Amino acid sequence: MTVIGGNNRRREHPSAERNKGPILTVLRRILPPAGTVLEIASGTGQQVAHFAQALPHLTFQPSDPDPASRASVAAWTMGGGLTNVLLPLDLDVRATDWPVDSADAVICANMIHIAPSACTEGLIAGAGRLLPAGGPLAIYGPFKRGGVHTAPTNEAFDASLRTHDPDWGIRDLEAVEALGEAHGLALDEIVEMPANNLIVVLRKRA
């Protein structure tokens, strides 16, 4: 993680820089033609700034529970002169009352494996509350499939995460799908991404 520009609060992370292009390619296809996109765990803000610049017909609502991350998101937004990105919200996905009433789509990248399992449950429950019929929840990151890691690098990464916190770790795709079903979200598609990651798209049932 680096901080750009001395006193500037804008932070930068190499993985966010690498991932933003491939993720945008998928978002162009799955996001609605208009409306508000809620981003969960916005982190540095690099990605939401990239998405907003490329998709000016959408309004992006970033969020993060970390004050430094929210400051970084705001700095990226201001630095890019973006008018379709709202001020970042202080949002903990585990809360049952989110500080947003609705969203036409929800996106979340690289969160559920570096957070307690309750965050995965909270993310999916919250999306189920907010999304309209057909609205997508897109989750990006590594997943296990059938309880098995998809690559040795993912297995090593998972072991490292669990050393940091036993409740962290790469989640089972089938468990995420089951949580979606429990909250009115059906699995729509699974998109293979670089470096053994996936985008899992769940959509709100009618």
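Note that the structure is predicted; figures quoted are calculated from it, not measured.

**Digging into the sheet that holds strand S3 (residues 35-40)**
If you trace the six strands from one edge of the open sheet to the other, you get S4-S3-S5-S6-S11-S10, paired in mixed fashion. Of all strands in the sheet, those with a lone pairing partner are strand S4 (58-61) and strand S10 (185-193), marking the two edges. Each strand of the sheet is rotated relative to its neighbour by a mean of 20°, with strand direction disregarded. One ladder, built from four bridges, connects S3 with strand S5 (residues 105-109); its direction is parallel. Bridged to Leu-38 within S5 is Val-106. Contacts from helix H6 (residues 173-182) reach strand S6 (136-141), S10 and strand S11 (197-204), with the element oriented near 150° to S10.

**A look at the nonpolar core**
Counting 28 residues, the largest nonpolar core has Ile-40, Val-106, Met-111, Leu-123 and Leu-137 as its most contacted members. Going through the elements one at a time, S3, S5, helix H4 (117-130), S6, H6 and S11 are the ones with two or more residues in this core. The biggest single contributor to this core is H4, with five residues. One finds Leu-24, Val-37, Val-48 and Val-191 within the second-largest nonpolar core, a separate group that totals 27 residues.

**Some points on unusual backbone geometry**
Positive phi outside glycine occurs at Ala-41, with the angle close to 55°. In this fold, Ala-41 is placed in the loop between S3 and helix H2 (46-54). Relative accessible area serves as the criterion here: at 23%, Ala-41 is assigned to the partly exposed category. Although it is not a glycine, Asn-196 adopts a positive phi angle of roughly 65°. Note on placement: Asn-196 falls in the loop between S10 and S11. Overall, Asn-196 belongs to the partly exposed group, its relative accessible area being 35%.

**Brief notes about the packing of aromatic side chains**
In total, this model carries zero aromatic pairs according to the counting rule given. Cation over ring: Arg-10 sits above Trp-76, and NZ or CZ is 4.3 Å from the ring centre. Above the face of the Trp-98 ring, Arg-129 is positioned so that its terminal group lies 5.4 Å from the ring centre.

**Points about helix H3 (residues 67-79)**
Taking 1.5 Å of rise per residue, the 13 residues of H3 would be expected to cover 18 Å, and the 18 Å separating its terminal C-alpha atoms lies within 8% of that figure. Within the sequence span of H3, burial applies to Ser-69, Arg-70, Ala-71, Ser-72, Val-73, Ala-74, Ala-75, Trp-76 and Thr-77. Its buried side turned inward, H3 meets strand S2 (11-12) and H2. Looking one or two residues past H3, Gly-81 carries a phi angle of roughly 60°, positive in sign.

**Some points on the sheet that holds strand S9 (residues 171-172)**
Spatial ordering of the open sheet is given by S8-S7-S9, a layout of three strands whose pairing is mixed. Two strands close off the open sheet at either side, each with one partner strand: strand S8 (148-149) and S9. Pairing geometry for strand S7 (residues 143-145) and S9, over two bridges, is parallel. Note on S9: the bridge partner recorded for Lys-144 is Asp-172.

**Observations regarding the environment of Val-48**
Looking at where Val-48 falls in the secondary structure, it is placed in helix H2. Under the relative-accessibility criterion, Val-48 is labelled buried at 0%. Ignoring sequence-local partners within four residues, the contact set of Val-48 consists of Glu-39, Phe-60, Pro-62 and Val-73.

**What to know about the pairing of S10**
Side chains on a regular strand alternate between the two faces of the sheet. Where S10 and S11 come together, eight bridges link them in antiparallel fashion. Bridge assignment links Glu-189 to a residue of S11, and that residue is Val-201. Between the antiparallel neighbours S10 and S11 lie three residues, among them Ala-195 with a positive phi of about 60°.

What counts, and at which threshold
Residues numbered from 1 in each chain as written. Predicted model: local features only at pLDDT ≥ 70, side-chain atom pairs only at ≥ 80, totals over all residues. Heavy atoms only, no water. Pairing = 2+ DSSP bridges. Helix = DSSP H or I, 4+ residues; strand = E, 2+ residues; numbered from the N terminus. Axes fitted to C-alpha atoms, helices over the stretch in contact; angles between N-to-C directions. Contact = heavy atoms within 4.5 Å. Core = buried A, V, L, I, M, F, W, Y, C linked by side-chain atoms within 4.5 Å. Buried < 20%, exposed > 50% of the residue type's maximum accessible area, 1.4 Å probe, protein only. Phe/Tyr/Trp six-rings, centres within 6.5 Å; stacked < 30°, edge-to-face > 60°. Lys NZ or Arg CZ within 6 Å of the ring centre and 35° of its normal. Expected span 1.5 Å × (residues − 1).

None of the figures reported here should be taken as evidence of function without further support.
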